[in-house]
Amino acid sequence: MSLKSSARQVDGITVLDLSGRITLGEGSVVLRDTIREVLGKGEKKILLNLGDVTYIDSSGIGELVSAFTAVRKEGGELKLLNLTKKVHDLLQITKLYTVFDVKDDEASAISSFTK
Amino acid sequence: MKNVLIVDDDPLITNLLSDLIRGDGVEISTAANGAQAWEKIQHQNFDVLITDVWMPEVNGIELLAKVRTLPTQPNIVVMSADDTPEVMLKAAKEQAHVFINKPFKAMETQKILREALEKPAPSPIEIVSAKPGWVEMIVPCERANVDRIHDMMFKLKGDLPQDVRENVSQAFRELLMNAMEWGGKFDPARKIRISYLRAKKMLLYRIADPGSGFDFAGLTHAAVSNPPDNPIEHMAVREEKGIRPGGLGILMTMSLVDELLYNEAQNEVVFVKYLE
């Protein structure tokens, strides 16, 4: 099914809880629009919670990279939280795992952002 | 108003499915077998047809064969506890767009049925060979067909370990999407030929697209061309060229399967996964 995104604020960090599929078309567009909207509001510290992402394709991973570079260009930080094994493996084989700052628990992810 | 016909010889199923899709603008009819359904279909147009397979008198596959003779095709959803490759392929050959295994999960099924209500039926695919060990089809370059074919091919390999199923399915989807997007330009008038062979010790897929091919040397917008120390260099090239984010499909596929081969023009690709 398509991607759903909901935003919440934790200690000044925008946490985006994503659920569903990030694939070419609908899912990728939802992610792109969400990041654009958050940046548009001046929120530049973003934690993407991917725990409920059921499927991602190369376009979806490309969209994650695009989000990462867009946030970095604005002087912000984007980190990934709760990768499923599949997403973790795909980031490894595309050599992107080291590009992202990947976290396993929300509390330590929140405290890792630059104050 | 959307008209839906639910065909099943179990009234509990027709009632449950009716509850799942009932809503404003949805008119639901039911039938207990293919014969009753065909009677209704001849007098009324349906946007969505949901049918069981094994029913008395006229079964679901026979019903779909009759439905194919109609000038306008409904969006077809087949639901069955018989999820053998033979049945799934027969259903696909008769233009079923989605196959749902019984027993089904209510929420998941509700989403699939709602999508079937909202979206028009995708262009028909031609199944040239529906033998479980040798599947061959000709598919219009339409994005909706990617999910449909990907889902069907995934379900065909129910007996394989989950990681093998997931890896070959992901590789297949990546290369199919490349063929549709770059070779076929998402033009439904252009067709892709897909072959899938299952031997004792390997799975082999071949995808032939209608494009003129490509050259790896000119693929600077793809991750396969990146230097080892910069895994996102291609993303800058894509941005410069106005290409959507991505370019990771071939690199991803190389790791998910055992062999990846292109023909000289590079508009046909074969990949192989060896089985233990």
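Since we're looking at a predicted model, the values are computed, not measured. (Residues numbered from 1 in each chain as written. Chains lettered and ligands numbered in written order. Predicted model: local features only at pLDDT ≥ 70, side-chain atom pairs only at ≥ 80, totals over all residues.)

Asks: Would you mind going over the pairing of strand S4 (residues 75-80) of chain B with me for this structure?
Replies: Residues and elements named next belong to chain B. Counting buried positions over the 6 residues of S4 gives 6, a clear majority of the element. Residue alternation in S4 divides its side chains into two sets, Asn75, Val77 and Met79 and Ile76, Val78 and Ser80, and both sets are buried. Alignment of strand S3 (residues 48-51) against S4, held across 4 bridges, turns out to be parallel. Paired with Thr51 across the bridge in S4 is Val78. Remark: the S3/helix H3 (residues 60-67)/S4 crossover connection has right-handed handedness. Handedness of the crossover joining S4 and strand S5 (residues 98-101) through helix H4 (residues 85-93) is recorded here as right-handed. (Buried ≥ 20, exposed ≤ 12 C-beta atoms within 10 Å, placed from the backbone. Helix = DSSP H or I, 4+ residues; strand = E, 2+ residues; numbered from the N terminus. Pairing = 2+ DSSP bridges. Right-handed = clockwise from strand over helix to strand, strands pointing away.)

Asks: Looking at this model, I keep getting lost on the sheet that holds strand S5 (residues 101-103) of chain A. Mind explaining?
Replies: All names here are of chain A. Pairing is mixed across the open sheet formed by 5 strands, whose spatial order is S1-S2-S3-S4-S5. Each edge of the sheet is formed by a strand with only one pairing partner; in this case those strands are strand S1 (4-10) and S5. Sheet twist, expressed as the average angle between the axes of neighbouring strands with direction ignored, equals 25°. In this structure, S1 lies alongside strand S2 (residues 13-22), joined through 7 bridges in antiparallel fashion. Note on S2: the bridge partner recorded for Lys4 is Ser19. (Axes fitted to C-alpha atoms, helices over the stretch in contact; angles between N-to-C directions.)

Asks: What exactly am I supposed to notice about helix H9 (residues 249-256) of chain B here?
Replies: Note that an α-helix has 3.6 residues per turn; residues three or four places apart therefore point the same way. Of all 8 residues in H9(B), 6 are buried; the element is thus mostly enclosed. Among the residues of H9(B), those classed as buried are Gly249(B), Ile250(B), Leu251(B), Met252(B), Thr253(B) and Leu256(B). Buried residues along H9(B) sit in contact with helix H2 (58-73) and helix H3 (85-93) of chain A together with helix H7 (162-183), strand S10 (259-262) and strand S11 (268-274) of chain B. (Contact = placed C-beta atoms within 7 Å.)

Asks: Honestly, the domain arrangement of chain B in this entry has me stumped. Any pointers?
Replies: It is common to report an interface's size as the accessible area lost on association of the parts. All names here are of chain B. Segmenting chain B into domains produces domain 1 (1-119) and domain 2 (122-276). For domain 1 and domain 2, the distance between their C-alpha centres works out to 30 Å. Listed by partner, the interface residues are 12 residues for domain 1 and 12 residues for domain 2. Sorting elements by how many residues they give to the side of domain 1 that touches domain 2 places H4 first, with 7 residues. Grouping the constituent residues of the side of domain 1 that touches domain 2 by class yields 5 nonpolar, 2 polar and 5 charged. (Domains from an automatic or database assignment. Nonpolar A, V, L, I, M, F, W, Y, C, P; charged D, E, K, R; others polar.)

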